Amino acid sequence: MTRKLDEPRDVIAKWEVQLRKGVLEFIILLSLNEHEQYGFELISGIAERAAINVPEGTLYPLLLRLQKEELISSRLAKGDGGAPRKYYTLTPQGRGLLQAMIPTWSKLTISVDRLLHGAAV
């Protein structure tokens, strides 16, 4: 019995999901480094600036994990419509981690770009 190979677009779609999940923590830390934000603001900003759609079901568990790891903190504040919003901000530990992640990200993107364009690494 042979296994049918996945369609190339299915393989790419699965790969894109895994790639986004792998960099989402970094993207959130980068976004919160700019200023304090609430969840929907994070989702909208990431979609607008990075063209990455982040489902709420992905974002909020990640924010909770980052908070448990003391990389971000949150506070409740009254929103525009009167309903309270949870605002997230980086902690000093989160800022330190982000600063440590940036050189690794830069090195990775440069290396992948070199491979993509056929240059020696």
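Residues numbered from 1 in each chain as written. Predicted model: local features only at pLDDT ≥ 70, side-chain atom pairs only at ≥ 80, totals over all residues. Heavy atoms only, no water.

## Details of the overall build of the chain
The secondary structure content of the chain amounts to four helices and three strands. A compact globule built from 121 residues would reach a C-alpha radius of gyration of about 14 Å, whereas the chain, at 18 Å, exceeds it by more than 25%. In terms of overall dimensions, the chain has C-alpha extents of about 55 × 40 × 25 Å along its principal axes. Residues counted as buried form 26% of the 121 residues belonging to the chain. Of the contacts formed within the chain by residues at least 6 apart in sequence, a portion of 46% connects residues at least 24 apart. A total accessible area of about 8,600 Å² is found for the chain, and carbon and sulfur atoms account for 58% of it. (Helix = DSSP H or I, 4+ residues; strand = E, 2+ residues; numbered from the N terminus. Rg over C-alpha atoms; globule rule 2.2 N^0.38 Å. Buried < 20%, exposed > 50% of the residue type's maximum accessible area, 1.4 Å probe, protein only. Contact = heavy atoms within 4.5 Å. Areas by Shrake-Rupley, 256 points an atom, 1.4 Å probe, with all protein chains shown as cover.)

## Concerning the environment of Leu59
Position of Leu59 relative to the elements: it lies in helix α3 (residues 56-68). Placed 43 residues apart in sequence, Leu59 and Ile102 show a C-alpha to C-alpha distance of 21 Å. Beyond its immediate sequence surroundings of up to four residues, Leu59 is in contact with Ile28, Gly39, Leu42, Ile43 and Val54.

## Considering the layout of surface pockets
Empty space within the largest pocket amounts to approximately 340 Å³. Together, 19 residues line the largest pocket, and Ile27, Ser31, Ile46, Arg49 and Ala50 are the ones closest to its centre. Among the residues making up the lining of the largest pocket, the classes are represented as 11 nonpolar, four polar and four charged. There is about 170 Å³ of room inside the second largest pocket. In this structure, the second largest pocket is lined by Leu19, Val23, Trp105, Leu108, Thr109 and Val112. Contributing elements (two or more residues each) for the lining of the second largest pocket: α1 (8-34) and α4 (92-116). The element that contributes the greatest number of residues to the lining of the second largest pocket is α4, accounting for four residues. Here the residues of the lining of the second largest pocket are counted per class, giving five nonpolar, one polar and no charged. (1 Å grid on protein atoms, 1.4 Å probe; cavity = no way out; pocket = protein on both sides within 12 Å on 5 of 7 lines; lining within 4 Å. Points joined across faces, edges and corners; volume = space filled by probe spheres on them. Nonpolar A, V, L, I, M, F, W, Y, C, P; charged D, E, K, R; others polar.)

## Topic: the sheet that holds strand β3 (residues 84-90)
Backbone-to-backbone hydrogen bonds pair the strands of a sheet. The strands run either parallel or antiparallel. One open sheet holds the three strands; their spatial order is β1-β3-β2, and the pairing between them is antiparallel. Each of the sheet's edge strands pairs with one partner strand only, and the pair in question is β1 (37-38) and β2 (72-78). Pairing analysis gives seven bridges linking β2 to β3, with the strands arranged antiparallel. For Leu76, the partnering residue across the bridge sits in β3 and is Lys86. (Pairing = 2+ DSSP bridges.)

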